[in-house]
Amino acid sequence: MSTVSVRGLVRHYQQGDVTVKALDGVDLDIGKGEFTTLMGPSGSGKTTLLNQIGGLDQPDAGTISIGGVEISKLSSGQLADVRLRKLGFVFQSYNLVPVLSAYENAEFVLLLQGMPAKERRERVMQTLKDVGLEGMEHRRPGELSGGQQQRVAVARAIAGRPALVLADEPTANLDSHTSESLIELMKQLNQEHGITFLFSTHDPMVMDAAHRVIHMRDGTIEEDERK
Amino acid sequence: MQLVNLAIRNLFRNARRTLITMSAIGCGLSLVLMMVGLQAGQYADMLRIGISTLAGHVVVQADGWQEEREPEQLLSGADAIRSELAAAFPDATVTPRLYLGGLLTSPYNSSGVMLRGGVPSAEAAVDTLDDKIVQGEWLADDDDRGILVGAKLADVLQVGVGDKVVYMGQGPDQDEMVSRMFRVRGVFKTGGVELDGMSVMVTLAAAREVIEKPDSAHQVALHIADPEESDAAYDKALALVGRDGRDVLEWPDALPELVHFIEIDRVSGDVMMAVMGLIVAMGVLNTVLMSVLERTKEFGVLMAIGMRPRRLAGLVLLEAAFLGVLGSLAGLVLGGALVAYLVSYGIDYSAYMGESLEMEGLVLSTHMFGAWDPDRMGTYVVATVVVTFLAGLYPAYHLSRLEPVEALRAP
């Protein structure tokens, strides 16, 4: 069974008198443990597809299943539960909660999941160690570099053991050295823990690291390239 | 717990804005508490003076006198009532009183007066009129020829201590005029137009002689030492001297106009304070809404990682509630200090308003003191927290309807 299964996905936006076909009949399957990137020019539909798979937006037509759960017809509360239990997100601009420490940012998802305190603490400490932030648990985002903040974002995304991590241009705000190190980290997490990653990116380094590159244009999949 | 923690940290994310809003809540509440304290002090003063000069904690009167105030509505057996009450309440002061309207005449002028006949020593014990004597002295209990007159009346009649005046009023059968000569023993000055211009006082025996009713009074007033015991005193007095043809009243029923005035004044104060509360609420609404709008993207991220919109709304309500609690605590401390100052030192308005102020027929000092009113003050503190919490409802509602994808697009 695929981790993600998308069938006939359509999402149109109205901009004045013009209808923008952000997604125009997308079919896609992503298997467990894949390290996949979506690439394409701006406006090709990458971010819209990530938002749809992430349950952040409702489709006009089509279906999306995450780990066997059909999400396109769920209520906003049920979608929140799917995001909490099955998905992790990494954003371009880190988007950490500035008043919480690295530890607390990573812990937040586990608190929402209702994990007991002892297990939660062990999980957070291990996750921060996995992303290379051991010893920086108590630093707030403002006290961390861009690369370190993105590592905290990755820790937050994987701490809840999601079926899929969605990353929207995660290296766009990082220098090449930091980007390389972050990609290496995610690849390692993919290989060692079997976490499925789906990226949208323009970064050639991410594309080089990916097992599969999906080329998008005008809201459709133009090419699905497996390495 | 995490929500509480996050709410507190969010509040101090923009510490200056939070402190300004807290100060607005705190200052607003402290002013309200100060006004409530001043009002409470003024009401206590009015009731104390009203009870001592116009009634007592419990009064016994002839049936109907309270409403009609006709001179012939006399309480018979007044001395027996006085004795029974005095025996039952050994620490209290019992004062029988007669009130007679009439004309006071001097060789130079005449003026309409309200004559009060009472027991001078008992009146001195419950009233402060004896402290207001500016010429001569207070009446002796057996001085049935002496009279005390107000300073303004003395001016009108052009009399002073030792001068003769003649009182003329209705006789015992209401169909003939009687007169009696008195000699001025003292002149009092309270600052009240009515009291200084129209009031005179003689002994109860002298007043009784005028109407030729030796054992009569319009009112027998019981003044107890502890006003808090007024309810119990009323029950006891009613059981002891309550009979057909007599009204036994507790002070709120004996002074209905005063009680009504205080109620209306209190409600007017509440309306003013509600307006102030509304202004504070708008300030809080502005703060909370601003803080929500500028964190829209962050809320989008929290929704993306699985936080339900309802919990986010709860977070904002918690922030508003904390703001209310902290602001109210600040207001309570500051307001409490202001009220404590007013209770101890008061505010002296005499430079602007003169020595006294007449209100509802009572002469109040213009050096006004505050008093504690824990029930009303507590209500305002709780109301401030509630109003602040309510001010968070709209931002919370706004948040509960936010779509994650829209929120993530926010700058």
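Parameters and conventions
- Within each chain, residue numbers correspond to sequence positions counted from 1 in written order.
- As a convention, the first chain written is A and the first ligand written is 1, with the rest following in written order.
- The predicted nature of this model means local features are confined to residues of pLDDT at least 70 and side-chain atom pairs, given and counted, to a pLDDT of 80 or more, with totals for whole chains, interfaces and linings taken over all residues.
- Exposure is read from a count of other C-beta atoms within 10 Å of each residue's own; the residue is exposed at 12 or fewer, buried at 20 or more and partly exposed in between. C-beta atoms are placed from the backbone.
- Secondary structure elements are defined from DSSP: runs of H or I of at least 4 residues count as helices, runs of E of at least 2 residues count as strands, and each element is numbered from the N terminus.
- Any two strands between which DSSP finds at least two bridges are classified as paired.
- By the criterion used throughout, residues are in contact when their C-beta atoms, derived from the backbone, lie within 7 Å.
- Domain start and end points were adopted from an automatic or database domain assignment.
- In this classification, Asp, Glu, Lys and Arg are treated as charged, Ala, Val, Leu, Ile, Met, Phe, Trp, Tyr, Cys and Pro as nonpolar, and every other residue, Gly included, as polar.
- Here, expected helix span is obtained from the residue count minus one, scaled by 1.5 Å.
- Confidence of the prediction at every residue is given by pLDDT, a number between 0 and 100.
- Think of each axis as a best-fit line through the C-alpha atoms, taken over the contacting stretch in the case of a helix, with angles from 0 to 180 degrees between the N-to-C directions.
- Orientation labels follow simple angle bins: below 35 degrees gives roughly parallel, above 145 gives roughly antiparallel, 65 to 115 gives roughly perpendicular, and whatever is left gives oblique.
- Two helices cross in a left-handed way if the nearer one is turned anticlockwise from the farther one by less than a right angle. They cross in a right-handed way if the turn is clockwise.

I would appreciate a short explanation of the pairing of strand β1 (residues 58-62) of chain B in the present structure.
A regular strand carries its side chains on alternate faces of the sheet. Residue and element names in this part refer to chain B. Most of β1 sits inside the fold, with five of its five residues counted as buried. Where β1 and strand β12 (residues 246-250) come together, five bridges link them in antiparallel fashion. Paired with Gln 61 across the two strands is Asp 247, which belongs to β12. Sheet analysis places β1 next to strand β11 (residues 219-223), joined by four bridges and oriented antiparallel. Within β11, the residue paired with Val 60 across the bridge is Val 220.

Would you mind showing me how to read helix α2 (residues 76-86) of chain A here?
For an α-helix, the turn length of 3.6 residues means that residues three or four places apart are oriented alike. Regarding α2 of chain A, the residues found buried are Leu 79, Ala 80, Arg 83, Leu 84 and Lys 86 of chain A. Of the surrounding secondary structure, the elements contacted by the buried residues of α2 of chain A are β4 (61-66), β6 (87-90), α3 (102-113) and β7 (164-168) of chain A together with α12 (296-304) of chain B.

Teacher, can you tell me more about the domain arrangement of chain B here?
Accessible area lost when the parts come together is the quantity often used to give the size of an interface. Residues and elements named next belong to chain B. In terms of domains, chain B is made up of domain 1 (2-49 + 259-409) and domain 2 (57-249). The distance between the C-alpha centroids of domain 1 and domain 2 comes to 49 Å. With six residues of domain 1 at the contact, the number on the domain 2 side is six residues. Along the lines of polarity and charge, the residues of the side of domain 1 that touches domain 2 split into one nonpolar, three polar and two charged.

Honestly, helix α5 (residues 146-159) of chain A in this entry has me stumped. Any pointers?
Residues and elements named next belong to chain A. Its 14 residues give α5 an end-to-end C-alpha distance of 20 Å, which sits within 8% of 20 Å, the value for a rise of 1.5 Å per residue. Looking at α5, one finds that the buried residues are Gln 149, Gln 150, Arg 151, Val 152, Ala 153, Val 154, Ala 155, Arg 156, Ala 157, Ile 158 and Ala 159. Among the structural elements, β6, α3, α4 (117-130), β7 and α6 (176-193) are those in contact with the buried residues of α5. Within two residues after α5, Arg 161 carries a phi angle of roughly 55 degrees, on the positive side.

Just to check I follow, could you spell out the confidence of the model for chain A for this structure?
Any segment with low pLDDT has predicted coordinates that should not be analysed in fine detail. Here chain A shows a mean pLDDT of 89. Residues at 70 or above account for 100%. Confidence, read as mean pLDDT per element, is least for α6 of chain A in chain A (85) and greatest for strand β9 (residues 212-217) of chain A (93).

Before we go on, may I ask you to explain the packing of helix α13 (residues 309-344) of chain B against helix α15 (residues 374-391) of chain B in this structure?
Relative orientation and spacing of two packed helices are given, respectively, by the angle between their axes and the distance between those axes. Residue and element names in this part refer to chain B. At a closest axis distance of 8 Å, the pairing of α13 and α15 adopts a crossing angle of 150 degrees. Here α13 is positioned roughly antiparallel relative to α15, judged by the angle of their axes. As for the relative orientation of α13 and α15, their crossing is right-handed in sense. Only Val 381, Thr 384, Val 385, Thr 388, Phe 389 and Ala 391 of α15 make contact with α13, whose side of the interface consists of Leu 317, Ala 320, Ala 321, Leu 323, Gly 324, Val 325, Gly 327, Ser 328, Gly 331 and Leu 332. Taken together, the residues of the contact of α13 with α15 sort by class into ten nonpolar, six polar and no charged.

Sorry, what's going on with the interface of chain A and chain B here?
In this assembly, 20 residues from chain A lie in contact with 17 residues from chain B. Looking at the side of chain A that touches chain B, the elements with two or more residues in it are α2 and α3 of chain A. Looking at the side of chain A that touches chain B, the element that brings in the most residues is α2 of chain A, giving six residues. Along the lines of polarity and charge, the residues of the side of chain A that touches chain B split into eleven nonpolar, five polar and four charged.

Please clarify how the sheet that holds β9 of chain A should be interpreted in this entry.
Backbone-to-backbone hydrogen bonds pair the strands of a sheet. The strands run either parallel or antiparallel. Residue and element names in this part refer to chain A. Spatially, β6-β7-β8-β3-β9-β10 is the arrangement adopted by the six strands of the open sheet, whose pairing is mixed. Pairing within the sheet leaves two strands with one partner each, and these edge strands are β6 and β10 (220-226). Averaged over neighbouring strand pairs, the angle between their axes works out to 20 degrees when direction is ignored. Bridge analysis of strand β3 (residues 35-39) against strand β8 (residues 196-200) gives four bridges, and the strand direction is parallel.

Hey, could you run me through unusual backbone geometry in this one?
For residues other than glycine, phi is negative in most cases, and the peptide bonds are mostly trans. Of note, Glu 169 of chain A is a non-glycine position whose phi angle comes to about 45 degrees, a positive value. Here Glu 169 of chain A lies in the loop between β7 and α6. Here Glu 169 of chain A falls in the partly exposed class, since 19 other C-beta atoms lie within 10 Å of it. Of note, Glu 212 of chain B is a non-glycine position whose phi angle comes to about 55 degrees, a positive value. Assignment of secondary structure puts Glu 212 of chain B in the loop between α8 (204-211) and β10 (216-217).

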